[in-house]
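# Observations on chain architecture
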Protein chains: 2
Amino acid sequence: MITKEQILHALSHVEEPDLKKDLVTLNMIQNIEILPDKIKFDVVLTTPACPLKGHIEHACRNAIGLFVSKEATVDINMTSRVVGVESAQLDGIKNIVLVSSGKGGVGKSTVASNLALALAESGAKTGLLDADIYGPSLPLMFGLEGTRPESIQINGKQKIAPVEKFGLKLLSIGFFTDPNQPIPWRGPMATSAIKQLFGDAHWGDLDYLVVDMPPGTGDIHITVAQSYPISGAVIVTTPQQVALADTMKGMAMFRMDGIHIPIIGIVENMSYFTPAELPDNKYYIFGKDGGKRLAEDNNVPFLGEIPLVKAVADAGDNGFPILLDADEPVVNAFKEIAGRTAQELSILANQVG
Amino acid sequence: MITKEQILHALSHVEEPDLKKDLVTLNMIQNIEILPDKIKFDVVLTTPACPLKGHIEHACRNAIGLFVSKEATVDINMTSRVVGVESAQLDGIKNIVLVSSGKGGVGKSTVASNLALALAESGAKTGLLDADIYGPSLPLMFGLEGTRPESIQINGKQKIAPVEKFGLKLLSIGFFTDPNQPIPWRGPMATSAIKQLFGDAHWGDLDYLVVDMPPGTGDIHITVAQSYPISGAVIVTTPQQVALADTMKGMAMFRMDGIHIPIIGIVENMSYFTPAELPDNKYYIFGKDGGKRLAEDNNVPFLGEIPLVKAVADAGDNGFPILLDADEPVVNAFKEIAGRTAQELSILANQVG
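Residues numbered from 1 in each chain as written. Chains lettered and ligands numbered in written order. Predicted model: local features only at pLDDT ≥ 70, side-chain atom pairs only at ≥ 80, totals over all residues. Heavy atoms only, no water.

Chain A carries the name Iron-sulfur cluster carrier protein in an unreviewed UniProt entry, which gives Sphingobacterium arenae as its organism. For chain A, the Subunit (unreviewed entry) comment in UniProt is given as "Homodimer." What the UniProt record of chain A gives under Function (unreviewed entry) is the line "Binds and transfers iron-sulfur (Fe-S) clusters to target apoproteins. Can hydrolyze ATP." (UniProt positions renumbered as here; feature names shortened; annotations may be inferred.)

### Overview of the sheet that holds strand E5 (residues 74–80) of chain B
Residues and elements named next belong to chain B. Overall, mixed pairing links the 3 strands, which are arranged E3-E4-E5 in an open sheet. The open sheet has two edge strands with one neighbour each: strand E3 (29–34) and E5. Neighbouring strand axes in the sheet, compared pairwise and without regard to direction, differ in orientation by 15° on average. One ladder, built from 4 bridges, connects E3 with strand E4 (residues 39–45); its direction is antiparallel. Counted as the bridge partner of Glu33 is Lys40 from E4. Against the sheet, helix H2 (residues 53–67) touches E4 and E5, its axis set at about 145° to E5. (Pairing = 2+ DSSP bridges. Helix = DSSP H or I, 4+ residues; strand = E, 2+ residues; numbered from the N terminus. Axes fitted to C-alpha atoms, helices over the stretch in contact; angles between N-to-C directions. Contact = heavy atoms within 4.5 Å.)

### As for the sheet that holds strand E10 (residues 163–165) of chain B
All names here are of chain B. Taking strand neighbours across the sheet as the criterion, the 8 strands line up as E10-E11-E7-E12-E6-E13-E14-E15 in an open arrangement whose pairing is mixed. Lying at the two open borders of the sheet, with one neighbouring strand each, are E10 and strand E15 (302–308). The sheet shows a mean angle of 25° between the axes of neighbouring strands, direction not considered. Pairing analysis gives 4 bridges linking strand E7 (residues 126–130) to strand E11 (residues 168–172), with the strands arranged parallel. Following the sheet pairing, Asp130 is matched in E11 by Ser172. Strand contacts of helix H7 (residues 241–254): strand E6 (93–100), strand E13 (232–237) and strand E14 (263–273), with the helix running at about 170° to E13, the strand carrying the most contacts.

### Here's the deal with the relation of the copies chain B and chain A
Once turned by 180° and shifted 0.0 Å along the axis, chain B lies on chain A with an RMSD of 0.0 Å. In the structure described here, the two chain copies are related by an operation that fits a two-fold rotation axis. When the interface residues of chain B are mapped onto chain A, 98% of them are again interface residues, pointing to one common binding face. (Least-squares fit on C-alpha atoms with pLDDT ≥ 70 in both.)

### As for the nonpolar core
Ranked by size, the top nonpolar core spans 86 residues in total, and within it A:Leu98 and A:Phe198 carry the most contacts. Ignoring anything within four residues of it in the chain, the contact list for A:Phe198 reads A:Leu90, A:Ile96, A:Leu129, A:Trp203, A:Leu209, A:Val211, A:Val224 and A:Tyr228. Counting residues in hydrophobic clusters, the runner-up holds 83 residues, among them B:Leu197, B:Tyr208, B:Leu209 and B:Met251. (Core = buried A, V, L, I, M, F, W, Y, C linked by side-chain atoms within 4.5 Å. Buried < 20%, exposed > 50% of the residue type's maximum accessible area, 1.4 Å probe, protein only.)

### Observations regarding the pairing of E4(B)
All names here are of chain B. Within E4, 6 of the 7 residues are buried, which leaves it mostly tucked inside the rest of the structure. Between the end of E3 and the start of E4, which pair antiparallel, lie 4 residues. As a crossover connection, the stretch from E4 through H2 into E5 is right-handed. (Right-handed = clockwise from strand over helix to strand, strands pointing away.)

### Some details on the side chain of A:Ser137
Within the element layout of this structure, A:Ser137 appears in the loop between strand E7 (126–130) and helix H4 (138–141). In this structure the side chain of A:Ser137 is engaged in a polar contact, spanning 3.0 Å, whose partner is the side chain of A:Ser109. Discounting residues that sit within four places of it in the chain, A:Ser137 has contacts with A:Ser109, A:Asp130, A:Asp212 and B:Val242. (Polar contact = N/O pair within 3.5 Å; in protein donor to acceptor, adjacent residues only side chain to side chain.)

### Topic: the packing of aromatic side chains
For the coordinates displayed, the defined rule picks out 11 aromatic pairs over all chains. Taking 6.0 Å as the distance between ring centres and 40° as the angle between the ring planes, the aromatic pair formed by B:Phe142 and B:Phe166 counts as tilted. Taken together, the residues B:Phe142 in the loop between helix H4 (138–141) and strand E8 (151–154) and B:Phe166 in the loop between E10 and E11 connect sequence positions 24 residues apart. Residue class for B:Phe142 comes out buried when judged on its relative accessible area of 0%. The interplanar angle of 85° and the centroid separation of 5.6 Å between the aromatic rings of B:Phe166 and B:Phe320 together place this pair among those described as edge-to-face. Placement of B:Phe166 in the loop between E10 and E11 and of B:Phe320 in the loop between helix H9 (310–318) and helix H10 (330–352) is noted, with a sequence separation of 154 residues between them. An aromatic cluster is built from A:Phe273, A:Tyr283, B:Phe273 and B:Tyr283, whose rings are joined through pairwise contacts. Over the face of the ring belonging to A:Tyr284 we find A:Lys288, whose NZ or CZ atom lies 5.1 Å from the ring centre. (Phe/Tyr/Trp six-rings, centres within 6.5 Å; stacked < 30°, edge-to-face > 60°. Lys NZ or Arg CZ within 6 Å of the ring centre and 35° of its normal.)

### Quick word on the UniProt feature "binding site: ATP" (unreviewed entry) in chain A
Per the UniProt record, the feature "binding site: ATP" (unreviewed entry) sits at A:Gly102, A:Lys103, A:Gly104, A:Gly105, A:Val106, A:Gly107, A:Lys108 and A:Ser109. With respect to the helices and strands, the residue A:Lys103 is situated in the loop between strand E6 (93–100) and helix H3 (108–121). Overall, A:Lys103 belongs to the partly exposed group, its relative accessible area being 23%. With residues up to four places along the chain from it excluded, the contact list for A:Lys103 reads A:Pro215, A:Gly216, A:Val242, A:Ala243, A:Asp246 and B:Gly105. Along the polypeptide, A:Lys108 turns up in helix H3. Since its relative accessible area comes to 5%, A:Lys108 is described here as buried.

Given below as structure tokens:
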């Protein structure tokens, strides 16, 4: 007769590769059932977007085979419960992830929206807040121009209801402004607008709230960093030297006293262009490996590179983000970045906890 | 015997194509000399960067041949005196030209620096002020990292001396900050830094002061627009829809009450990519003709398009702007844009005057 203890003993030999502890110590093995014909248990990962899911499942099967019984049928339910810094200020949001860039035009909004979509597709409850007060692009990218979020009563308080589309909860500063009218934001106006998007919205329970920040280093960054418990920042850059210089500054800002936001890693966008007629050629128009080197030099994770692809630009323009197009090879690049981002967040949460 | 009056009569038949008046009415004919063996006079254009220079000279020769004498040797000195709104606040600067974009990363600094270099190369006294407080790129683009401008006494006042390089007078907010340290500028700090770059610098006499503005619409734009007499703004965009939407907003800002800055025209950057192996192919990665259509729809001049060229990105990264590389075909695109910009400024000055 197989016992629960035998199973836990076996699985205590399986290490979570990112967190460097075994699954039993991490309390990831739950609901063990020993039935006449099979063994059942849940592996509760720290994120549904975990790219090591398959690897961990395989290791669990091996461990049962080795330490318990070669003949046993093993039914593993791979599930997840996202960990994070749950915050008093923003009830129910486990991780606030900033997507930032030192320079504009590097594809920050493209990365933010596809990162959020990939996290949602993996099964995580995800929101996307477009805080780019100077050029909100979420309404165009999600085909939501002219949308006005509804107002709802929550515990007697008036709250903004995020718009739901493609499995995400969405808010943008662009929902509240006329797209053809410029708002020359004075600092304090911008700050209070952002505070409303964070605090006056009814986000509900979220595993991840991805925030598309304005480019550069300014009032909004200081406000957000000091007002909310941020899990970390994903930094987007192109390989170009002029972009990297600004990216360095952006990272230095997150490391400043009174700000101290962990850097989840660097995404390099517009890495190279490949014409359809010359599928083996990579044209490094903006230089090669600039983002990767920057990550190495600064000892932060490199989350991945995204090639220059017309379909990505078109998708953003057409209100149907590229991640929803399963046939596009570039989608894998975004999914890998989402997986690594979720991994790094799990590691960070584990360090804190 | 040929008379001065005959020559003026002949040249009164030559129209300045942009200003739609004849050269005599425009007071462009100066220093007429009738020598025994030849006729000499100056044609004083409104800008040395005038792309119609050759055309006007040819028309003058024709007019003399037709109305004065077929045999006369005509010696024409094509020269220029830039017109503009000379300002009390900024003594000696004839034209302040903003280079702006609704969105960052569209190549605004590349356009600003190469526009300034092309104007200087044509013979105009030109300055370049990098007011992009969030990501000053002039020091890197001009190989001037670590440069600190000197301080000089002018009429008993302490002034900043612009740095001179490649025939330009240069100042950047980046000369006063540590490139590796971020400055999370609060609105009022940014505003006062910009005012110093404009007002506390000793620019001397300039035909054109090209100002590389921060992207978007913010404090700096309001301050600059309301504090100085701006001749006009060159708007840089990529053909991408998300960029165009921000560009619309940028233009709307310049047209707002209390700002009212004429739009000189639109430059489309990153228009297409041509691999060396397929010189006839144009890959419109970010869409086709977006900038041109935007110009048409808004009834503003289209100043030209610049292809995606690795050499342009490299040049910016290497501290030696592309305009200084005579062998690069893309240089002509920048020169044409400079010529059209100077033309439009002449037209604007003529409308005002």
